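Residues per chain are reported as follows:
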Amino acid sequence: MAIGCRCRCRPWFLIGLGWVPIVVGILLACSILIPYTIAVGLHHVPAGFPYISDSGTTPPESCLFGQFLNMTAVFGLAGIYIRYKQVELYTGHSYPYSLHRVNKICLVLGTLACLGMSLVANFQETNVIAVHFFGAFILFATGAVYGFLQAWLTYRLCPEHASIIVYQIRLLLSVVIAIFFVISYPHHTFLPQAQYSPTAHSPPNHVPLPTYYHAFTSYRTLTPYRTLTASDYAIHIVATVSEWIMAMAFLFYFFTFIRDFQKITLDFEFKRYTPEPFFDVEVYGNNIETI
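The following paragraphs examine the structure supplied in this document.

Rules and cut-offs
Residues numbered from 1 in each chain as written. Predicted model: local features only at pLDDT ≥ 70, side-chain atom pairs only at ≥ 80, totals over all residues. Heavy atoms only, no water. Helix = DSSP H or I, 4+ residues; strand = E, 2+ residues; numbered from the N terminus. Buried < 20%, exposed > 50% of the residue type's maximum accessible area, 1.4 Å probe, protein only. Contact = heavy atoms within 4.5 Å. Areas by Shrake-Rupley, 256 points an atom, 1.4 Å probe, with all protein chains shown as cover. Core = buried A, V, L, I, M, F, W, Y, C linked by side-chain atoms within 4.5 Å. Salt bridge = Lys/Arg side-chain N within 4 Å of Asp/Glu carboxyl O. Phe/Tyr/Trp six-rings, centres within 6.5 Å; stacked < 30°, edge-to-face > 60°. Lys NZ or Arg CZ within 6 Å of the ring centre and 35° of its normal.

1. Here we look at the overall build of the protein chain
- When helices and strands are tallied, the protein chain shows 9 helices and 7 strands.
- A buried classification covers 44% of the 291 residues belonging to the protein chain.
- Relative to all contacts within the protein chain whose residues are 6 or more apart in sequence, the contacts with residues 24 or more apart total 72%.
- For the protein chain, the exposed surface amounts to about 16000 Å²; the carbon and sulfur share of it is 68%.

Below, the structure is given as C-alpha cells:
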C-alpha cells in the first residue's frame, strides 16, 4: 500500500481507493431500501418504520436482504483492513505505541462488526431469532466503539493526515449511533407483549387504535410475525425509528472515509513460488549425499 497522488483525468469516485467506502455505502443503502420497498409493496410490512430486519424475513425480499448485507460485510471488512494499513503507514515509528494498539483494536472490532452483519443477513429473526439478535448486538455495539476509536485516531492524526472537521463529524456520528443504540436495543426487554408467531399470517381481531396508528397500518399486525397492542405502539415506533437513524449514521460514517482512501493506492505483487528442498544435497557424479 502506498500514498498516491490524485489524477485529474479520473472521475472523483475512482481516485485511489475512494471507491471502497462508496461501494459499502451503496450496498448498505440497497440492503435496507430495496427489501423495504418490496416488503411494503407486497404488504409484508407496514410503510411506517418497521424494523429493518422485518423487511428481510419473507421471500422474495429476504433473499435480497441477505445478499446485499453479505456483500456489504465483505466490502466493509476490506475497508476496515485498508484503514488499518493506512493508519499503520501514517504512524510508523514516530507516533506513540498507544496509536498502534488502538489501531489493532479497531481492526478486531471492525471485523466483529462485519461478522455481526453477516449473522443478521443469514439468520433471519423468524428462523433463528437468538442468533439474529446476537449478530445485531455485535454489529451495533462494536460498530459504535469502532466509531469512537476511529474518531480518536483521526484527532491524533491531525493536522498532518486528517482534518479537525472530519474528526468532529465522526465523533458526532459515533455519539448518534451510541445514543440510539441505547434507545432501541432494550425494546425487546421493555415490550414483553410483542409476540412472534410464524403462523400469524392474518390480522387478529380489530381493536380501536389511535389515529396516528392508522397512518401506517389499519390493523394490529405490524408484520406477519409480530403483533402489538395499541399501548405498546409508541415504544415500538421509538425503537424502530432509532434503528433507522443508527443505520443512516453508519452509512454516513462510511462516506467520511472517501477523502482518506483517495490518498492511497493498493498494489499487488505476484511472485513465482519455487519450493525449497527439505534438506540440502550435493551431487558427486552419480551419487547424491545429504548435508
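We are not done yet, so read on.
2. Section: the nonpolar core
- Grouped together as the largest cluster of nonpolar side chains are 49 residues, with contacts concentrated most on Leu69 and Phe140.
- When residues of this core are traced back to their parent elements, those giving at least two are helix 1 (19–41), helix 2 (61–91), helix 3 (97–122), helix 4 (129–156), helix 5 (164–184) and helix 8 (233–255).
- For this core, the element with the highest residue contribution is helix 3, accounting for 9 residues.

3. Some thoughts on the pattern of salt bridges
- What the rule picks out here adds up to 3 salt bridges.
- Note that Arg83 is salt-bridged to Asp260, the shortest N-O span being 3.9 Å. Highlighted residues: Arg83 in helix 2 and Asp260 in helix 9 (residues 258–261), separated in sequence by 177 residues.
- According to the relative accessible area criterion, Asp260 is buried, its value standing at 7%.
- Close ionic contact of Arg170 with Asp260 constitutes a salt bridge, the shortest N to O distance being 2.5 Å. Taken as a pair, Arg170 in helix 5 and Asp260 in helix 9 lie far apart in primary sequence, 90 residues in all. Considered together, Arg170 and Asp260 belong to a single accessibility category, that of buried residues.
- One network of salt bridges, in which partners are shared, links Arg83, Arg170 and Asp260.

4. Overview of the packing of aromatic side chains
- What the rule picks out here adds up to 7 aromatic pairs.
- Plain terms: the ring middles of Phe257 and Phe261 are 5.9 Å apart, the flat faces sit at 35° to each other, and that makes the pair tilted. Judged on exposure class, the residue Phe257 and its partner Phe261 are both buried.
- Taken together, the aromatic side chains of Tyr253, Phe257 and Phe261 make up a single cluster linked through ring pairs.
- Seen from the ring of Phe257, Arg170 lies directly overhead, with NZ or CZ sitting 4.2 Å from the centre.

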